[in-house]
Structure formats: structure tokens, C-alpha cells
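Chain by chain, the residues:
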Amino acid sequence: MTLTGKMLIGQHAVCGHREAIQAINPATDQPLAPAYPGGAGEHVEQACALAWAAFDSYRDTSLAARAAFLETIADNIEALGDELIERAMAETGLPRPRIQGERGRTCGQLRTFARTVRAGEWLDVRVDTAQPARQPLPRADLRQRHIALGPVAVFGASNFPLAFSVAGGDTASALAAGCPVIVKAHGAHPGTSELVGRALAKAVKDCGLPDGVFSLLYGSGREVGIALVTDPRIKAVGFTGSRSGGIALTQAAQARPEPIPVYAEMSSINPVYLFPAALHTRAEALAQGFVASLTQGAGQFCTNPGLVIAVAGPALERFVATASELLPACAAQTMLTPGIFQAYEAGVSSLAEHAQIAAKGLAAQGPNQGQAQLFVTQASAFLRNEHLQAEVFGAASLVVVCANDEEVRQVSEQLEGQLTATLHLDDADLTRAQALLPVLERKAGRLLVNGWPTGVEVCDAMVHGGPFPATSDSRSTSVGTAAILRFLRPVCYQDFPDSLLPAALQHANPLLLRRLLDGQRERPER
């Protein structure tokens, strides 16, 4: 498939006329053809007009048809074959197995949302039948379901060119909810975005859906992004990226005459707690697992373990010593973009000014290679220095040495909101962990025991979210089937004739949904 350097507005390939985006191979620092001229306000207008025109028709598609559409997207992405893998590798510097795995995750979550759509439980149907003889007042017939919010703007992420990008989790969950999607491609991987965008646009056509169900825009500055978020036809936003970018979009969305939700995943350092008994029995093994998690993918994960918290003692010294022995054998890895590499270098330089350097990985052998680094500080210093809480996007972590359990609590209370918090413990640590758990529940969206935070499973129970600044809305998740709830709202139908009700609410329950009927859960036979 020849890359065109054009945007996709519905089924039309359109060339922009603003400053062009051009991908850089971070492993060589060489530009990759073609260039992608950026869109402008008129392109946002065209895409939003198409999306709005498609909305009522698309949200009214049957559960079966919408599920089949999601599966067709997955099929079309897989049909791109090695061309997609090679382009994504060139644009990101990520190795083939990582890109292949990410393609599998992307297609897997599309098919998972197809299953979710077919089941229909996300409609959350509730029926309270009429009680005309109730005293002192009768009760009307009341029926509730969830419907799609409206067109959604999605911003692709830098660190996941497939799974959090054009057809990633935000797009998949919004389409599953019945929302048309307009994606602003990330500037780091425009070719990968075009390939996936064309696969998605083909699925729209293959399934006979309105053109405006999907559009793909490019833009090098703020013009396209702000125009999308402030367009009155956009009803929600999905974003994965920097704190500054997420806050800017959130502020723009809240300043609208009609404010809209922005689901932004932004910043997290993911504290790891090493409890005394666990440290005593397996400090060396914990250090091995920590270094593997820290350096995986050059540390370019939002769940990277950027903070380790433990009470001082010989066991913690063994942990730090083992990690410091292992890290110098870890090769520097190519980071996603020159800009991300430069930000990493600035972040570790800042940490070095405020904390002790314990160990470094192997020095870089090529451009844009991040050298893993481990730092150590005392809890008293951490508590009075905000620089030590800043996220460093890459393979850098800080060990906070606490004098006692009370300092562990003080450090925990001072933490900002996090995506994850990890507890490494043995049975003898359970009382300590129980005492800390209420604090961690307030601080993080996912709590782990005896694991590592890198690796986010796409499933029904997953929460990938957390209090600010981990996300802009702690009530939601961007991964897992509950992500669909971000793009829905409830509607109640009172005293409707059965023929006018949507199928999900009709008396005969033709969709065979598990509905809440007069306070009891229906169990229809399929």
C-alpha cells in the first residue's frame, strides 16, 4: 500500500496545507517519507460535520452490526501484514516482537469490545413497570438505557503506535458505544496512522456505515487539536500524553459554552512498596524483577515503576546493591522520538541534582538511546522537594528510604494520583499492608500484590486510570471493557407505548438482555 501523506475525512483522502509532519526514524535520526501536510480549521469543520451527520444513524445500528464492524476493523488491520509492522518499527524504534504484540493487543481489544457490544449489558437497562393502583400516588412506567454521547475526538499516543492510537482503546470503546470518532494522529508515527486509518475507513465502507463514522486528521501545532475539542459537535475527548497537553485540552473543553468530558491519561510514577518481610526473604529476586520492569521498552510505559518506597535496613541495602549490580549490564535503548529522548535526559539531570545516583545502565551507542538510571534519596528529602515527584518518562527510578512505617505513610500521603501502586509482601507483612491500604486506594486506580505494574491486561476487570494527574477523571478507565462507559449517558423513557420504545426496553425483551426489572435481575434464555 502506497502511503499518500493525506488525511482521511470520511471516505475522502484530503491533502492539508499547514506545516507538514514528517516521521523521524529514532534509531538513525533520518526522516521518513512521505511528509504529511497538516490540517486546518476547515478540515476539522468538514470532519465534524460528517461525524454529526452520521451520529444518529450509527448509534442506532444493531448490536450485531456494530460488533461486526469492530471485528472487520481488526480483520483489516491484520490484513495489512508486514507492511504495518515494518512502518511502525521504522517510526518508533521499537523491535518487531513489541510491534507484533501490540498489533495483537489492538485487534484483540477490538474483538473484546465486539463481544461486549453483543452482550448488551453496557446498556444497563432498568425497568420499573407502572403501578397505577399504588397509594397515595400511582407510579408511571419508567425505562432506562444508555445511549452514545456523540462524536468523540481521540488523540493518538506517542508510546503505543497501535494500541493507544488510531484504532486503539479510546477509538474502539467510543465506536463500541455508538460514537463516531475523529482521530488526530500523533506526529511521531503518521505513516503507521495512515495505514491503520485506511484499514478503519475500509471497514466503514465494507459494513455500509455512514462516511462520517471515522476521520483521521494531522496537525503539527495546536490548531487542529483545539479546533476539535472546541467544536460544538464533539461531545467527549480521549487523550494519552503529557500532563501539559492533557491540561490544555481539559481547560479548552471546560471553557466551551457546553463543557464536555476529557478523558486524559497524563502522568504517573507508580510507587512500588517493598515491605520488610518480603525484602528480608527475597531482596535479590525483587531487585531482578524491578530492573526487568524498569528497563522494559526503554521504560516508555505509563506504568513504569518510577518510585520504590521501603524502610531502611540491611534488606533494603541488599535490594539497592543487587539492582545497582544488574543495571550496568542493561543496554541503552532507542527511545521513541528525539523529543522524548531529550525530555528523558532533562528529567534524569534534574533527579541527579536532588538525589544520589546509585547506578547507570550501559552508555548509549547510537542516537536517541536512553541510559537507564537508578537514584536514592531519604524520605525527609522527598517530603520537602517537589522535584523528586516529577515523572521521568523512561527507564529511571528513585528509591525512597524511610526511617519507619510512619515515614512510609507520610510519603504515601504526599504522593499525587497514580495509575498503579504495587505491594511486595509476605504473610508477615499483611498487618502493615492493611494499615496502608486505605491511603493507596485513595491514590491509585490499580493496586498490585507481588507483581510489577508494567503490562496492562485488556479484560473486563481492568482499571487503567486514577486520581489527578494520572488521569483527568478518576471515575473512568481507558483500558478494559468498562472504558465504554466514558462515552455513554442514561436516558429515561416514561409511559412510552411499546412500539415507540427502543428494542432494548420493549416489554418482550427481544434482545434477550439481562435487565433490572422491578428490582430483580432478569435471566432471559438465549
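Owing to the predicted nature of the structure, the values given are computational and were not obtained by experimental measurement.

**Digging into the nonpolar core**
- Counting residues in hydrophobic clusters, the biggest one holds 151 residues, and the most contacted among them are F69, I73 and F319.
- Not counting residues up to four positions away in its chain, the partners in contact with F69 are Y58, L175, L200, A203, V204, C207, L209 and V213.
- Counting 9 residues, the second-largest nonpolar core is a separate cluster that includes F160, F164, V458 and V479.

**So, the UniProt feature "domain: Aldehyde dehydrogenase" (unreviewed entry) in the protein chain**
- Sequence positions flagged by UniProt for "domain: Aldehyde dehydrogenase" (unreviewed entry) are, in local numbering, residues 19-458.
- A distance of 37 Å separates the end C-alpha atoms of residues 19-458, which is 45% helix and 19% strand.

**Points about the sheet that holds strand 12 (residues 236-240)**
- If you trace the 7 strands from one edge of the open sheet to the other, you get 2-1-11-10-9-12-13, paired in mixed fashion. Since the sheet does not close on itself, it has two edges, and those belong to strand 2 (12-14) and strand 13 (262-265), each with one partner. Across the sheet, the mean angle separating the axes of adjacent strands is 20° when strand polarity is ignored.
- Strand direction decides the pairing type here: strand 1 (residues 7-9) and strand 2, joined by 3 bridges, are antiparallel. By the bridge assignment for strand 2, I9 is matched with H12.
- Contacts between helix 1 (residues 41-59) and the sheet are confined to strand 1, strand 2, strand 10 (181-184) and strand 11 (214-217), with strand 1 contributing the most and set at about 40° to the helix.
- Helix 6 (residues 190-206) contacts strand 1 and strand 11 of the sheet and is inclined by roughly 160° relative to strand 11.

**Re the environment of A277**
- When you line up the elements, A277 lands in helix 9 (residues 276-295).
- Considering only alpha carbons, one finds A277 and L430, 153 residues apart in sequence, at a separation of 9.7 Å.
- Once you skip the residues sitting within four places of it in the chain, A277 turns out to touch D426, A428 and D429.

**Thoughts on the pairing of strand 12**
- Among the 5 residues that make up strand 12, 5 are buried, leaving the element largely enclosed by the rest of the structure.
- What you see with strand 12 is no split at all: A236, G238 and T240 on one side and V237 and F239 on the other are buried throughout.
- With 4 bridges joining them, strand 9 (residues 152-155) and strand 12 adopt parallel strand pairing. Within the sheet, the bridge partner assigned to F155 lies in strand 12 and is F239.
- Relative to strand 13, strand 12 is paired through 4 bridges, and the arrangement is parallel. Bridge pairing links V237 to V262 in strand 13.

**Quick look at the pattern of salt bridges**
- In this structure the tally under the stated criterion is 29 salt bridges.
- The partner of R143 in a salt bridge is D141, with the nearest N and O atoms 2.7 Å apart.
- We note a salt bridge from E284 to R318, for which the minimum N-O separation is 3.0 Å. Residue E284 is located in helix 9, and its partner R318 is located in helix 10 (residues 314-326); the two are separated by 34 residues in the primary sequence.
- By relative accessible area, R318 is classed as partly exposed at 30%.
- One salt-bridge network, in which partners are shared between bridges, spans E45, D231 and R233.

Rules used in this analysis
In every chain, residue numbers begin from 1 and rise along the written sequence. Restriction of local features to residues with pLDDT of at least 70 applies here, the model being predicted, together with a cutoff of 80 or more for giving and counting side-chain atom pairs; totals for whole chains, interfaces and linings are based on all residues. The basis for every side-chain value is the complete set of heavy atoms in the structure, and neither hydrogens nor water enter the calculation. Remark: nonpolar core denotes a set of buried residues (Ala, Val, Leu, Ile, Met, Phe, Trp, Tyr, Cys) joined through side-chain atoms within 4.5 Å. Burial status follows relative accessibility: with a 1.4 Å probe on protein chains alone, a residue under 20% of its type maximum counts as buried, one over 50% as exposed, and anything between as partly exposed. Whether two residues touch is decided by their heavy atoms; if any such pair falls within 4.5 Å, the residues are in contact. UniProt positions are given in the numbering used here, feature names are shortened, and annotations may be inferred rather than shown by experiment. The secondary structure listing takes helices from DSSP runs of H or I that are at least 4 residues long and strands from runs of E that are at least 2 residues long, numbered from the N terminus. DSSP-based pairing: two strands are paired if at least 2 bridges between them are found. Axis angles are defined between N-to-C directions and span 0 to 180 degrees, where every axis is a line fitted to C-alpha atoms and, for a helix, only to the segment in contact. Every case where a carboxyl oxygen of Asp or Glu lies within 4 Å of a side-chain nitrogen of Lys or Arg is listed as a salt bridge.

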